[in-house]
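Fold and geometry: a report
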Amino acid sequence: MTPDPPALRPRTFPDRTSLGRAAAADVAAELRERLARQDRVRMVFAAAPSQQEMLTALREADGIDWTRVEAFHMDEYLDLPAEAPQRFANWLRSAIFDHLPFAGAHLIQPGPDPERTAQDYAAALAAGPIDIVCLGIGQNGHLAFNDPPVADLEDPLDVKVVELDDVCRRQQVDDECFDSLDDVPHRAITLTIPRLLAADRLFCVVPGAAKRDAVEKALTEPVSARHPATALRTHPDVTLYVDADSAPRSTAAEADR
Ligand SMILES: O=C(O)[C@H](O)[C@@H](O)[C@H](O)[C@H](O)COP(=O)(O)O
């Protein structure tokens, strides 16, 4: 008897550019298909360097009526000035939101009461189903800002305020988003894992050698908050895009193209 294929099977590409292009082609195809049968598509974007090539290619995709696409993002720092380029809303505006005529780009704009901001964003998300999530995986295995080991795979909340762990904060320095660890905020607002996994379809884009260990664990460790990305294996429709650098050694030989 043939064993069941793994629930989360990586598609492997030679480099991050070909990975980004392939992921964007798949996201674009999904958007076209949904827009042919739905009035609106609602999607969530990650704001992260790992997503850059995919977003750049998606901006060029043909035949998508962006005026019927509503965009959300999955997390935002607290305690940064509104104009800080590191704010995810600002990063996404320059990477994609300002380039396309979205029906609406719903930005997380933290006010004086972050709990209230989280509740308001949860309400905006809940106005309809989420069709598509484009996300990455952190070096520490996080999804959005759900860091191990406190991430709650059965979180009753949709959006919440979290403390960021030091591995997560260090990743932001390694990614050259901040000059030093002291500059990285300690708090953020994030969509929870159940909220992310409530989407119909997830595209998980994870290039780079720094992610090889996180990808390997996502595929092989028991599903638990110790490595939140393992939760992707509980969803029926996630595609994981890796490159030669992030591919687990066991799968690198199965390159897609
Ligand atoms: O992007 C976000 O909105 C999330 O906070 C985060 O989950 C991110 O997708 C990963 O940490 C990958 O990030 P890098 O691209 O920086 O490696």
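Not measured: the values here are computed from a predicted model.

Basis of the calculations
- Residues numbered from 1 in each chain as written.
- Predicted model: local features only at pLDDT ≥ 70, side-chain atom pairs only at ≥ 80, totals over all residues.
- Heavy atoms only, no water.
- Helix = DSSP H or I, 4+ residues; strand = E, 2+ residues; numbered from the N terminus.
- Buried < 20%, exposed > 50% of the residue type's maximum accessible area, 1.4 Å probe, protein only.
- Contact = heavy atoms within 4.5 Å.
- Areas by Shrake-Rupley, 256 points an atom, 1.4 Å probe, with all protein chains shown as cover.
- UniProt positions renumbered as here; feature names shortened; annotations may be inferred.
- Pairing = 2+ DSSP bridges.
- Axes fitted to C-alpha atoms, helices over the stretch in contact; angles between N-to-C directions.
- Parallel < 35°, antiparallel > 145°, perpendicular 65-115°, else oblique.
- Nonpolar A, V, L, I, M, F, W, Y, C, P; charged D, E, K, R; others polar.
- Salt bridge = Lys/Arg side-chain N within 4 Å of Asp/Glu carboxyl O.
- Near = heavy atom within 4 Å.
- Polar contact = N/O pair within 3.5 Å; in protein donor to acceptor, adjacent residues only side chain to side chain.

Here we come to the overall build of the protein chain. Secondary structure summary: the protein chain contains 7 helices and 10 strands in total. If you line up the protein chain on its principal axes, its C-alpha atoms span 55 × 40 × 35 Å. For the protein chain, with 257 residues in total, the buried portion stands at 54%. Restricting to contacts in the protein chain with at least 6 residues of sequence separation, those with at least 24 account for 80%. When the accessible surface of the protein chain is totalled, it reaches about 11400 Å², and 48% of it is carbon and sulfur.

This part takes up the UniProt feature "domain: Glucosamine/galactosamine-6-phosphate isomerase" (unreviewed entry) in the protein chain. Mapped onto this numbering, the UniProt entry gives "domain: Glucosamine/galactosamine-6-phosphate isomerase" (unreviewed entry) at residues 15-235. In residues 15-235, the share of helix is 33% and the share of strand is 16%. The end C-alpha atoms are 26 Å apart.

Read across the open sheet, the 7 strands follow the order β1-β10-β9-β6-β2-β3-β5; overall the sheet is parallel. If you trace the sheet from one side to the other, it starts and ends with β1 (10-13) and β5 (104-106), each paired once. Here the strands of the sheet are splayed against their neighbours by 20° on average, with no regard to which way each runs. Relative to strand β9 (residues 201-206), strand β6 (residues 132-135) is paired through 4 bridges, and the arrangement is parallel. Note on β9: the bridge partner recorded for C134 is F203. Along the sheet, helix α4 (residues 114-125) makes contact with β2 (41-45), β3 (69-73) and β5, crossing β3 at roughly 150°.

The next thing to look at is the packing of helix α2 (residues 52-59) against helix α3 (residues 88-95). A pair of packed helices can be characterised by two numbers: the angle between their axes and the separation between those axes. Contact geometry of α2 with α3 gives a least axis separation of 10 Å together with a crossing angle of 45°. For the element pair α2 / α3, the angle class is oblique. Between α2 and α3, the contacting residues are Q52, L55 and R59 on the first element and W91, L92, S94 and A95 on the second. In the contact of α2 with α3, the residues fall into 4 nonpolar, 2 polar and 1 charged.

The next thing to look at is the pattern of salt bridges. Pairing between side chains becomes possible if they bear opposite charge and their charged atoms approach one another. Summed over the entire model, instances satisfying the criterion amount to 19 salt bridges. The partner of R187 in a salt bridge is D79, and the shortest N-O contact between them spans 2.9 Å. With R187 in strand β8 (residues 187-191) and D79 in the loop between β4 (75-77) and α3, this residue pair connects regions lying 108 residues apart in the sequence. The salt bridge partner of R169 is D166, with a shortest N-O separation of 3.0 Å. Of this pair, R169 and D166 both sit in helix α5 (residues 166-174), 3 residues apart, which is roughly one turn of that helix.

Lining the immediate surroundings of the ligand are 17 residues, of which S50, D75, H142, D175 and K211 lie closest. Between the ligand and S50, the relevant distance is 2.5 Å, taken from an oxygen atom to a side-chain nitrogen or oxygen of the residue. D75 places a polar side-chain atom, nitrogen or oxygen, 2.4 Å from an oxygen atom of the ligand. For the ligand, whose accessible area on its own is 420 Å², the fraction buried by protein is 96%. Each residue belonging to the shell around the ligand can be placed in one class, and the counts come to 9 nonpolar, 5 polar and 3 charged.

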